[in-house]
Every structure is written in structure tokens, then in C-alpha cells.
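Chain residues, written in single-letter form:
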Amino acid sequence: MSTAQLDWNSVLSEAQKRVRKQQFDTWFSNISLVDLKDDKLLLGVPNAFFRDWLKTNYIDVIKESVKVVTGNNVEIAFRLSPNDPEEDPTVGEAARVQVGQPAYAPESPRPFSRDLASLAREVGLHSQYIFNNFVVGPCNNLAHAAALAVAETPSQAYNPLFMHGSVGLGKTHLVQAIAHALLNRRPRPKILYMSCENFMNQFISAVRHGDIENFRYRYRQVDALLIDDIHFLGKGDRTQEEFFHTFNALYNAQKQIVITSDSPPKEIPTIEERLVSRFKWGMVAKLSQPTYETRVAIIQKKAQLKGRSFPEEVVNYIAEHIASNIREIEGAIIKIIGYASLMNKQIDIILAKDALLDTIDRERTTISIEDTQNAVVGHFKIKLSDLQSKKRSKAISHPRQVCMYLARKLTDYSLKEIGGYFGGRDHSTVMHACDKITNMLETDTFLAATIERLTEDMRKNVSKKR
Ligand code: ADP
Ligand code: MG
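These lines cover the structure that appears in this document, whether it is placed above or below.

## Some points on the site of ligand 1
Around ligand 1 sit 18 residues, and of these Gly-168, Thr-172, His-173, Lys-302 and Glu-330 come closest. The contact in question runs from an oxygen atom of ligand 1 to an N or O atom on the backbone of Leu-169, over 3.2 Å. Isolated, ligand 1 exposes 550 Å² of accessible area, and the fraction of that covered by the protein chains is 97%. Looking at the shell around ligand 1, the elements with two or more residues in it are helix H8 (171-183), helix H13 (292-305) and helix H15 (326-343). Residue composition of the shell around ligand 1, by class: seven nonpolar, seven polar and four charged. Mapped onto the domain boundaries, the shell around ligand 1 takes at least three residues apiece from domain 2 (101-286) and domain 3 (292-365).

Okay, structure coming up:
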């Protein structure tokens, strides 16, 4: 069978029956037929990411579709489009996603100039949140590859790119990595990176100062808008309305939009349907909890970035005991390094265990702030993002105060640390919440019973985990 004998459009029609429309549009519309000889089919794809994604997910669909059309079984190979910058084989490596491999960094060929570093700071970027420092594993490979594709072909690969996952799993790192890489492009695009809260504050301030025109101009003239933690966007308020119009304006002008959130679009309770559907237009990628191997690689990377190399035993010890949150892993590394220099000792397993005595005991045997938040969210049937937001409505602020009270009573975190788990509130807010609930408990037996039950449930859950 030869190329001329294969009707590629019929193959595509067959494939279309086997996958959802969005999948088809994203992955199949860019494949071209290059060659067919001796049942070896060569297909052209735009870049290495596409090739790897197709290989992993859709190779059988393609084979089946060819079989239906031609009756033959074929072998499939891919060729990257000749003018694709990703032809560099190292890019394929990154997209192939190997645990422990440092991610390919579009910014690496050019050294970080002084200029660029200060520009990145002005934009509000953390200097270490670059692709090179991001460890890729099964938990984050799709988000990483999509972020990379956006950084390399903004407005073309995926628009918008929506990345979601729970706290401490690398959303901010990835969105900032895109921003760094974009700043390194020539010509340099105008980019705006900010937290959703910052966007809201700027909008409110613009409204207050009658400065809306300026605000709009500022947002709508950018080439890329990157908004972190979109779940903080308030329901039905003017900021969401404004964001909606900003989104439309940028999208229609084919500007790149990148968004992060703690949950997938349709599960953010405050986001209206019309925005939810727009968020799904492009690529939605999830970040999950890292596996043991990925945690090991992350620990090695983080230690190396701090100019250290931890003994294997220490790396394994951290990876075994801290599983759910990479920010906590980083905290443990900092603790160990700090402890070693304080004691003026080498880092070994004994020192590491001493340094992490609090952290790891707390994680395994006692109730954590996350436990209190999960219990409260479950009981009052509210969203975690609301609990952590600045919303003042009673339906949210009461559970939040109960949660702060529980965290204060059941964990040994300081007022300030607790405040940090509730959207960065200061210690006086936490103290006020604790006082208020303590007062209420004197008369409100219903509340007292609720708190007792929640406490009991949490204790049971924790001892089950041990
Ligand atoms: P999120 O925004 O999802 O809450 P962050 O992006 O702030 O999480 O990540 C928390 C910390 O963990 C940061 O210091 C970040 O550099 C680190 N981190 C997360 N994922 C990775 C990864 N895959 N490789 C290296 N560091 C990571
Ligand atoms: Mg974040």
C-alpha cells in the first residue's frame, strides 16, 4: 500500500468517531500524512509534545482508524514539522517526561542577564520558578508539557491554558516559568502576571478612583495575561464581569491567557458558567500529588539549588514522610540545612531526624490544619477556597472562625502560622476568631456539640492513618 492509496480524510473521520470533539480538534487536526510504504505510515506533527502525547494516548485510535479504512495493520512513526523549533531532540526528552530529569528550559540557551533578572522581579516573578528547576513526573507531566508548549508558541499551542491542583503542587512555579520564558523571547512580549487577588484589588481601586479606562487599557494591551489562583474571583461581582470582558478581548485578539486554580473549572463554585466554558476552550491540565520517585527527584533538585547534596538516606527519609505537599518538602529541606549550620554538623540521617522531629511527628500523629479545614468544609458544606478567601458573608466567616478556633485548639501552630492557612491573615484576626468562638460556646450548646463531634471525627481519622 502506498501514500496515494490511503485516503487520510477517511482515516480522520474514523478517528473522529472514536474520540470526543475537543480531543479530536486538539490532537488530530494537526496531523498530516507524510508517507506510507510497506505498511509503515509516517505522520507529520507540529512538535515533540504532540508526538509524545499521540504516542501515549492515541496510537491505537490511529491504527484502528487506518485498519477500518484500508483493512491493513500499519506501523506508525512520526516526523516533526521541519520548521518547528522543537526539532531539537532535547525538547523531545522533556516532553517524554522522565522522572528526575530536569525539565528542558526554553530560557536556558540565553544566560539570565541582569536586565532580565530585574525585569522578572518587576513583573513579580520568583527567580527560581523556572522550567529548569521544575522536576517532571507522572503527577505533572501534562501540565508541564502544556506550559512548555505555551512558552514556546504563545497563543498557538493552547489558549487558554488552565492548570489546577491542590496547594503546594507547583501551579505558581509553572505559571511563573511560562512568564520567565516569555520574557526571554525576542521580540519580548508584553506580559502581565498576577494573583487573582491582586487583579481584584486593582480593579476595585480603579473603580474607586474613576480610572477604569486606564485599567482596561493596561490589561487589554498585553500579549500574555497570566492569572494565578483564579478561584478567588468573587461570584456575581463586578470584578468577575470585568475579568470576563478582559478574557474575551484578549482571546479575540489571539493573546495568550494562562490561569491556575485549586480545582477544575466546573468545580469552582464562584465562577459563572460562561467563564467556565471559556476556560475549557483550551487545555485543562491537572497537577496531582507527586509519587515517591518524583519526591526523591524534587528533594535532590531543591537541595542542589541550595548548594547542598543530601545523603541518599536523608532524601529517602523526607520522601517517605512528607508526601502531600511540595512546599512542605521544601520547608523540611530548609529546616535540615538550618539545623546543620546551627549545630555546625554534617547532614546525616540522625541530624535530619532531629531537625524534622516536629514536622514529621506532626504530620503522622496529630491533627493538622488541613484536617481542621477538611472537617469544617465538609460539615458546613462550603468550598475550601471560600474558607481561605477574604469573604465576609456570615455563611463563610462563621465556619472560618470555627476552623481557626479548631486549628488553635488542636494543633500547635502559632496564631500567625494559622493565619497563613487562611489566605494570609494576621495573628490578630485569628485571635479575634478564637475569642469569638470561645464566647459563643458559653451559651451555644449546639455549636459546642458540633465542635465536639468534629474534634472526635478528626482524632479518629488521624489515628486510623497511623
Ligand atoms: P502551588 O502554587 O500549587 O500552591 P507552588 O508552585 O507555590 O505551589 O509550589 C510550592 C513549592 O514547591 C515551590 O517552592 C515550588 O518550587 C515547589 N515545587 C512544586 N512542584 C515542583 C516540581 N515539580 N519541581 C520542583 N519544585 C516544585
Ligand atoms: Mg500558588
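## Examining unusual backbone geometry
A cis geometry characterises the amide bond from Asn-159 onward to Pro-160, with omega recorded as -5°. By the secondary structure assignment, Pro-160 is in the loop between helix H7 (141-152) and strand S4 (161-164). Between Arg-186 and the following residue, Pro-187, the backbone shows a cis peptide bond with an omega angle of -10°. One non-glycine residue, Asp-38, lies in the positive phi region at around 50°. Relative to the helices and strands, Asp-38 is located in the loop between strand S1 (32-37) and strand S2 (40-45). Even without a glycine there, the phi angle at Gln-254 is positive, about 55°. Relative to the helices and strands, Gln-254 resides in the loop between helix H11 (238-252) and strand S7 (256-261).

## Some remarks on the sheet that holds S1
Spatially, three strands are ordered S1-S2-S3 in an open sheet, and the strand pairing comes out mixed. Looking at the sheet topology across the chains shown, the edges are occupied by S1 and strand S3 (75-80). Taken over all neighbouring pairs, the strand axes of this sheet differ in orientation by 25° on average, direction set aside. The pairing of S1 with S2 spans five bridges and is antiparallel. Within S2, the residue paired with Asp-35 across the bridge is Leu-42. Most of the contacts of helix H4 (residues 59-70) go to S3, to which it runs at about 120°, and overall it touches S2 and S3.

## Quick notes on the pattern of salt bridges
Oppositely charged side chains can form a pair if their charged atoms are brought close together. Within this structure, the stated rule accounts for 14 salt bridges. With a closest N to O distance of 3.4 Å, Asp-223 and Lys-255 form a salt bridge. Residue Asp-223 is found in the loop between helix H10 (212-220) and strand S6 (224-228), and its partner Lys-255 is found in the loop between H11 and S7; the two are separated by 32 residues along the sequence. The salt bridge involving Glu-241 is made with Arg-274; its shortest N-O contact spans 2.9 Å. One end of the pair, Glu-241, is in helix H11; the other, Arg-274, is in helix H12 (residues 273-279), and 33 residues separate them in sequence. Each of Glu-14, Lys-17, Arg-18 and Glu-64 takes part in one network of salt bridges that share partners.

## Overview of the environment of Leu-192
Mapped onto the elements of the fold, Leu-192 is located in strand S5 (residues 191-195). On the basis of relative accessibility, which here comes to 10%, the residue Leu-192 falls in the buried class. Spatially, the C-alpha atoms of Leu-192 and Arg-218 are 9.0 Å apart, while their sequence positions differ by 26 residues. Leave out the neighbours within four places in its chain, and Leu-192 touches Arg-218, Tyr-219, Val-222, Ala-224, Leu-225 and Leu-226.

Conventions used here
The written sequence of each chain sets the order in which its residues are numbered from 1. Chains carry letters from A onward and ligands carry numbers from 1 onward, assigned in written order. Thresholds applied to this predicted model are a pLDDT of at least 70 for local features of residues and 80 or more for the giving and counting of side-chain atom pairs; totals over whole chains, interfaces and linings are not thresholded and use all residues. To get the side-chain values, take all heavy atoms of the structure and skip hydrogens and water. A cutoff of 4 Å decides nearness: a residue is near a molecule or strand if any of its heavy atoms lies inside that distance of it. Nitrogen and oxygen atoms within 3.5 Å of one another constitute a polar contact, given that in protein one can donate a hydrogen and the other can accept it, and given that sequence-neighbouring residues count only through two side-chain atoms. The Shrake-Rupley method, run with a 1.4 Å probe, gives the accessible areas here. Residue values count only the displayed protein chains as cover. Comment: elements are numbered from the N terminus, with helices defined as DSSP H or I runs of at least four residues and strands as E runs of at least two. Each residue gets one label: Ala, Val, Leu, Ile, Met, Phe, Trp, Tyr, Cys and Pro are nonpolar, Asp, Glu, Lys and Arg are charged, and the others, such as Gly, are polar. Where each domain begins and ends follows an automated or database-derived domain assignment. Strand pairing follows a simple DSSP-based rule, namely that at least 2 bridges must link the two strands. Axes here mean lines fitted to C-alpha atoms, for a helix over just the part in contact, with angles spanning 0 to 180 degrees between N-to-C directions. The contact criterion used throughout is that any non-hydrogen atoms of two residues lie within 4.5 Å. Definition used for salt bridges: Asp or Glu carboxyl oxygen within 4 Å of a side-chain nitrogen of Lys or Arg. For every residue, the accessible area (1.4 Å probe, protein chains only) is compared with the maximum for its type, and the residue is labelled buried under 20%, exposed over 50%, or partly exposed between those bounds.

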